[in-house]
Amino acid sequence: MTARPAHHLPPAPAEDMLAPMTAADDPFAAELAFTAVYRRFHDAPAPIREARCLAAQFPESLCPIEPGDLLAGRIRPRLVGFTPDEWGNTAFGYYHLPEAIDEALRRHPITRARAARVRRMRAFWDEESTAAKLRRAYPPELAAGLASDGWMTEAGVAFPLYRITGATPDYDKLVRLGLPGLRAEIRERRQSADHRAHDLYDGMLLALDTLAGVCRHYEEQATALADAAADPGRRAQLTRLARALAAVTARRPHGLLEAAQLVWLYALVGDLRNHGRMDVYLSAPLADDLASGALDEDGALRIVQSLWRLMAARRTRVHNRVIVGGAGRPDPAASDRFALLAIRASQTVLEPEPQLSLRIADGQDAALWDAALDAIGDGRTYPILYNDAVNVPAVARSLDVGRRDAEQYVPFGCGELIVEHRGLGTPSGVLNLLKALEVTLRDGVDPSTGRRIGLPLGRLEDFAGFDELWQAYTRQVEHFVRLAARQAALEYRVAGQEWSALLMSMLYDDCLVRGRGALDGGVRFLGATLETYGNTNTADSLTAIRELVYEERRITPEQLLAALDADFAGHALERRLLQNAPKYGNDDATADDMLVRVDRHVCDAVADEAAEVGLHSYRVVIINNSANTLMGHHTAASADGRLAGTPMNNGNAPSGGNDRLGPTALLNSLVKLDPALHAGAVQNLSLSRELFTGYRAKLDALLRGYFAQGGSQAMITVTSRADLERAMRNPDAYRHVFVRVGGFSARFVDLSRDVQLEILSRTVYGP
């Protein structure tokens, strides 16, 4: 095969070219133009096609600099485009949003001819999107699950998530080398590489051209705004921004403004939504500015605050993770200085993003702990606290990596854990353990549809004892785990064939050396995850069944199924007995041991599939976001006394209100689960403001004691039940109230009523 020269472009058929048109002329101009470029380069090598599609997407998808911005970079995602992450539930890679396209056609008056062209575009992507290609690649056992009432729907036991999310590249390398240094390394690698890797390197260089073009786009905009600014202070800000944007295209960044700007635009163009150990890669630029006098602490804070506002404006909802603190940082003192700024920024920028996360490790500045509690006590929900003493060895075991790699763990998204710029933790799927138990009790039949979606293993009355029920339940879970693992591995394989994730790959440790894209053999630790929901409800249900049906025989199998099928209507006695059975979250060995058993089984079953499907790791994540409420809508009444359609428990937490013996008992229950079995699990605590204002020593002792006993993580909402109830009645007056939903934070008043009610059901602990 003849090697292509750098930046070689195949000829484009004239009929596929679009006349230039702006969004002001036609709301679908950008989508049609992107589609034309994709069609033009359809048969080009995947890296070249991706690079040319990026160039079609940027700067077209960018939004202008807004008043008060000290950094540039806002984005409005299009209805058709490219992302290595996800837009919607089934849109990743080369994606389109069909329902949004249909809605836009209804809202925007365009000619019939233009509307017909848009519909042809939609039909094209119905077949050509990465998600569509993935579904066509499903073997029969996976394809069968795509039916409207199959297992691969949100109403089923398990379903896939179409995404390659959570990538956390080496931004420290980007800051050290800058765009010119990165170009030089790519060119050097290309010279010595096998010709089969040349397309990848050429695509990377083209992607950097697009990124540099974005910098120039914003430089021109900042210059024009500065020229038009009447206020001298604002003119000076915009002039500095324009100079910074010009500088980062020509050399490595100098100082905090340039470094933050380059990293942010790189993340936008690459659609990289998690930002890793920011106190590592921005600490040196900050130190340089402070030492030279170019910035003081307040000036540096204003830059970080501006970056935080840009992250909030991106509205990723469950992403925008920024990590500070922890072991394995090359210059802890300098990093701690930036980390304190980051905490101050999260305390003063009243937005639900970024998701600031503080790793706690021996030897770091004690002021970080105090600043964190101050911010949390102000009702900010940030930083989320991670305990390195537990998490570093747990990550080493869970992800099968050495300690030095484990020290570079970062949470992404809702709290999944990966090794920064060496590992990936998706694709992921979802497993509703409570639904698995639900169909196990009914011979594999979903009671809401009457259709069999699980293995036919018998009904509850067919099981002679609890051990037989347990064996049937575990077989059911293992069946769906096996299917989910095969879907995850296939998703990686199809995505790796379709695109190279150019901007992600060039900042992952091994991709440039190997000449391989991230998903095509470039990532060192390629893992996947399976989100499990309803863990606590499942364990509490099994505890109740064992005690009341098999041991005490106070409820017959037939009575239990009748009560569950009737949603307890006419079965108040049975429900009361089930509710009074031991519940997780009260330091009760009977209940807690059952959750440990349920947890270990599913975690081991998932981990065992890694070798079967060719992944470095495959791990459970218990990172519940609002899906515990949404999936609860499709889950029947359960044997813990929960009503049909109501929320399931959140993360590792008890079901709402079932923790009845105080915070110490709750925390004692939490630490019984082994964090080394997971690739991330969340512990959601609701605490009163009085603990922070009047009982700080007690609060400090409670949290430190929890971490000392083996607590891995804590995400804390500071509020009161009364405030939440008032917010539901008068939302406009309570937009300042933030809550930790699960894997993300939100303004309480922006949540749907069912999610609000689930949060309201949680126990709030006070002094």
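In what follows, the structure referred to is the one given above.
Here the structure is a predicted model, which means the values were calculated and not measured. Numbering of residues starts from 1 in every chain and runs along the sequence as written. The predicted nature of this model means local features are confined to residues of pLDDT at least 70 and side-chain atom pairs, given and counted, to a pLDDT of 80 or more, with totals for whole chains, interfaces and linings taken over all residues. The basis for every side-chain value is the complete set of heavy atoms in the structure, and neither hydrogens nor water enter the calculation.

(A) Examining the overall build of the protein more closely. For the purposes of this entry, the term helix denotes a DSSP run of H or I that reaches at least four residues, the term strand denotes a run of E that reaches at least two, and both are numbered from the N terminus. Of regular secondary structure, the protein possesses 32 helices and 20 strands. Both definitions apply: the radius of gyration is a C-alpha atom measure, and the globule rule equals 2.2 Å times residues to the power 0.38. Over its C-alpha atoms the protein spans a radius of gyration of 26 Å, differing by no more than 12% from the 27 Å that the globule rule assigns to 767 residues. Principal axes of the C-alpha set define a box for the protein whose edges measure 80 × 60 × 55 Å. Exposure is judged per residue with a 1.4 Å probe applied to protein chains only, and the accessible area is read against the type maximum: over 50% gives exposed, under 20% gives buried, and values in between give partly exposed. Of all 767 residues assigned to the protein, the portion counted as buried reaches 62%.

(B) The packing of helix H7 (residues 171-192) against helix H8 (residues 198-228), seen in detail. As a rule, the C-alpha atoms of each element are fitted with a line to give its axis, helices using only the stretch in contact, and angles between N-to-C directions run from 0 to 180 degrees. In contact at an axis separation of 9 Å, H7 and H8 are set at 165 degrees when each is read in the N-to-C sense. Comparing their axes, H8 and H7 come out roughly antiparallel. For the pair H7 and H8, the crossing hand works out as left-handed. Note on element contacts: H8 touches H7 through His198, Tyr201, Asp202, Met204, Leu205, Leu208, Asp209, Leu211 and Ala212, opposite Leu179, Leu182, Arg183, Ile186, Arg187, Arg189 and Arg190. Polar here means any residue other than Ala, Val, Leu, Ile, Met, Phe, Trp, Tyr, Cys and Pro, which are nonpolar, and Asp, Glu, Lys and Arg, which are charged; Gly is therefore polar. Classifying every residue of the contact of H7 with H8 by side-chain character gives nine nonpolar, one polar and six charged. Every angle not falling under 35 degrees, over 145, or within 65 to 115 is termed oblique; those three ranges are roughly parallel, roughly antiparallel and roughly perpendicular. In this scheme, a crossing is called left-handed if the near helix is turned counterclockwise away from the far one by less than a right angle; it is called right-handed if the turn is clockwise. By definition, residues are in contact when any of their heavy atoms lie within 4.5 Å.

(C) Quick peek at the side chain of Asp405. Turning to its location among the elements, Asp405 is positioned in helix H17 (residues 403-406). Given the relative accessible area of 15%, Asp405 is considered buried. Discounting chain neighbours no more than four positions away, the residues touching Asp405 are Val419, Arg422, Arg524 and Phe525.

(D) Highlighting the sheet that holds strand S8 (residues 384-387). Strand pairing is defined by DSSP finding a minimum of two bridges between the two strands. In spatial order, the strands read S6-S7-S8-S17-S16-S20; together these six strands make up an open sheet with mixed pairing. If you trace the sheet from one side to the other, it starts and ends with strand S6 (321-325) and strand S20 (764-765), each paired once. Relative to strand S7 (residues 355-360), S6 runs parallel, the two being bridged by five bridges. Note on S7: the bridge partner recorded for Arg321 is Gln355.

(E) Focus on the packing of aromatic side chains. For Phe, Tyr and Trp, where Trp contributes only its six-membered ring, two rings pair if their centres lie within 6.5 Å, and the inter-plane angle classes them as stacked under 30 degrees, edge-to-face over 60, or tilted in between. In total, this model carries 15 aromatic pairs according to the counting rule given. Plain terms: the ring middles of Tyr38 and Trp125 are 4.7 Å apart, the flat faces sit at 55 degrees to each other, and that makes the pair tilted. Highlighted residues: Tyr38 in helix H1 (residues 29-40) and Trp125 in helix H4 (residues 112-128), separated in sequence by 87 residues. Pair check on accessibility: Tyr38 and Trp125 agree, each one buried. Between Phe92 and Tyr162 the ring centres are 6.4 Å apart and the planes differ by 40 degrees, which places this aromatic pair in the tilted class. With Phe92 in the loop between strand S3 (80-83) and strand S4 (93-96) and Tyr162 in the loop between strand S5 (158-161) and H7, this residue pair connects regions lying 70 residues apart in the sequence. Exposure remark for Phe92: the relative accessible area of 0% places this residue in the buried category.

(F) Geometry of the pairing of strand S9 (residues 409-412). Side chains Tyr409 and Pro411 project from S9 onto one buried face, and the interleaved Val410 and Phe412 project onto a second face that is buried too. In this sheet, strand S10 (residues 416-419) lies alongside S9 in antiparallel orientation, the contact comprising four bridges. When the sheet's bridge partners are listed, Pro411 is paired in S10 with Leu417. In this structure, the hairpin formed by S9 and S10 is closed by a connection of three residues, where Gly413 is found at a positive phi of approximately 55 degrees.

(G) Region of interest: a negative patch on the surface. Without a salt bridge and with relative accessible area above 30%, a residue can belong to a patch; like charges are then joined within 9 Å and nonpolar side chains (Val, Leu, Ile, Met, Phe, Trp, Tyr) within 5 Å. We get accessible surface area from the Shrake-Rupley algorithm with a probe of 1.4 Å; when it comes to residues, only the shown protein chains can shield them. A side-chain nitrogen of Lys or Arg and a carboxyl oxygen of Asp or Glu constitute a salt bridge if their distance falls within 4 Å. Charged residues are defined here as Lys and Arg on the positive side and Asp and Glu on the negative side; His and the ends of the chain fall outside this count. A charged residue contributes its charge at one atom only: NZ of Lys, CZ of Arg, CG of Asp or CD of Glu. Taken together, the side chains of Glu478, Asp604, Asp608 and Glu612 define an acidic patch exposed on the protein surface. The biggest single contributor to the negative patch is helix H26 (residues 589-613), with three residues. Mapped onto the fold, Glu612 is located in helix H26. The exposure class of Glu612 is exposed, given its relative accessible area of 56%.

(H) Inspection of helix H9 (residues 232-250) at higher detail. For a helix, the expected span equals 1.5 Å multiplied by the number of residues minus one. The end-to-end C-alpha distance of H9, which contains 19 residues, comes to 27 Å, matching closely the 27 Å that a straight helix rising 1.5 Å per residue would cover. Next to the buried residues of H9 lie H7, H8 and helix H10 (255-270). Any N or O atom pair separated by 3.5 Å or less is treated as a polar contact, with the protein-specific requirement of one donor-capable and one acceptor-capable atom, and with residues adjacent in sequence counted only for side-chain atom pairs. Put simply, Asp231 is the residue that caps the front of H9, since its side-chain oxygen is 3.3 Å from the backbone nitrogen of Gly233.

(I) Representation of the environment of Ala485 in the model. Mapping Ala485 onto the fold places it in helix H19 (residues 466-498). Residue Ala485 is classed as buried on the basis of its relative accessible area of 0%. Sequence spacing of Ala485 and Tyr508 is 23 residues, and the spatial spacing of their C-alpha atoms is 24 Å.

(J) Structural detail: the nonpolar core. The biggest cluster of nonpolar side chains holds 243 residues, and the ones touching the most others in it are Tyr266, Trp308, Leu424, Leu431, Met506 and Ile716. In terms of residue count, the dominant contributor to this core is H19 (17 residues). Discounting chain neighbours no more than four positions away, the residues touching Leu424 are Ile164, Ala167, Ile418, Tyr492, Met504, Tyr508, Leu519, Val523, Phe525, Leu526 and Gly527. Joining through side-chain atoms within 4.5 Å is the link that ties buried Ala, Val, Leu, Ile, Met, Phe, Trp, Tyr and Cys residues into a set, and such a set is a nonpolar core. Formed by eight residues, the second largest nonpolar core is a distinct cluster that contains Leu161, Val430, Leu434 and Met631.

(K) Representation of the layout of surface pockets within the structure. By volume, the second largest pocket is sized at about 490 Å³. Together, 22 residues line the second largest pocket, and Ile360, Ala361, Asp362, Gly363 and Gln364 are the ones closest to its centre. By residue class, the composition of the lining of the second largest pocket is 11 nonpolar, five polar and six charged. Note on definitions: the grid is 1 Å and covers protein atoms alone; a cavity is a set of points where a 1.4 Å probe fits but cannot get out; a pocket is an open set with protein on both sides within 12 Å along at least five of seven lines; lining residues have an atom within 4 Å of a point. Grid points are joined across faces, edges and corners, and a volume is the space filled by probe spheres set on the points.

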